[in-house]
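Chain by chain, the residues:
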Amino acid sequence: MFINHFQGLVEKAMPNSTAAPAKAIFEYENDLRLPAIALKEIYEALKDAQSYATLCEKLGFGPRDCEHLAEIEVANKHWAKALEWLERGIKLERGRDWKNEGSYWLERLRPEILRKLGRKEDALASAWADFQGDPNDLSYQELM
């Protein structure tokens, strides 16, 4: 019921032209941004990666979206898909200033996902690079 309500609000507020490139969620007006955020939260709670990704294809992906999608895939034990979302999010993160849509946790998730995929050497290299980039207690704990 709630999903249909928010989907209707998003569809009503979507620009008529599909020629416009997708934007970051914070670049949209409130009439589209707010129901889209609510819909993303519902999809995340339902662990519905497909619906979440479909919405992002219409509006645009941000690093935080990729983080959420990776977390959904981790919860569903789809490690390879989680790694794909993680890598996509890291690439997006490096491409521009995302303000509040950036994701600090993308780099932190990488070693865990790589370990689950049996790529222990890559996981260690990732944790070491993270530690070298920002040596602190948290990155040290991840390294250990």
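Here's what I pulled together on the structure shown here. Quick caveat: nothing in here was measured; it's all calculated off a predicted structure.

Relative orientation of the contacting elements helix α2 (residues 30-46) and helix α3 (residues 49-59) amounts to 155°, with a least axis distance of 9 Å. The angle between the axes of α2 and α3 places the two elements in the roughly antiparallel class. Here α2 and α3 pass one another in a crossing that is left-handed. Here α2 contributes L32, A36, L39, K40, Y43 and E44 to the contact with α3, which in turn contributes S51, Y52, L55, C56 and L59.

Judged by nonpolar contacts, the single largest core of 22 residues is most densely connected at L59, F61, L69 and W85. At the level of elements, α1 (2-13), α2, α3 and α4 (63-75) are the ones that each hand at least two residues to this core. Here the element with the most residues in this core is α3; it accounts for six residues. By size, the runner-up hydrophobic cluster in this structure holds 11 residues, among which are L83, L109, I113 and A123.

This part is about the pattern of salt bridges. The full count for this structure, using the stated rule, is four salt bridges. The closest approach of N and O atoms between R96 and E27, which form a salt bridge, is 2.9 Å. In this pair, R96 is assigned in the loop between α5 (79-95) and α6 (105-116) and E27 in the loop between α1 and α2, connecting sequence segments 69 residues apart. Residue class for R96 comes out partly exposed when judged on its relative accessible area of 35%. Residue E27 is classed as partly exposed on the basis of its relative accessible area, which comes to 35%. Here E84 makes a salt bridge to K81, at a shortest N to O gap of 3.9 Å.

Definitions and limits used
Residues numbered from 1 in each chain as written. Predicted model: local features only at pLDDT ≥ 70, side-chain atom pairs only at ≥ 80, totals over all residues. Heavy atoms only, no water. Axes fitted to C-alpha atoms, helices over the stretch in contact; angles between N-to-C directions. Helix = DSSP H or I, 4+ residues; strand = E, 2+ residues; numbered from the N terminus. Parallel < 35°, antiparallel > 145°, perpendicular 65-115°, else oblique. Left-handed = near helix turned anticlockwise from the far one by under 90°. Contact = heavy atoms within 4.5 Å. Core = buried A, V, L, I, M, F, W, Y, C linked by side-chain atoms within 4.5 Å. Buried < 20%, exposed > 50% of the residue type's maximum accessible area, 1.4 Å probe, protein only. Salt bridge = Lys/Arg side-chain N within 4 Å of Asp/Glu carboxyl O.

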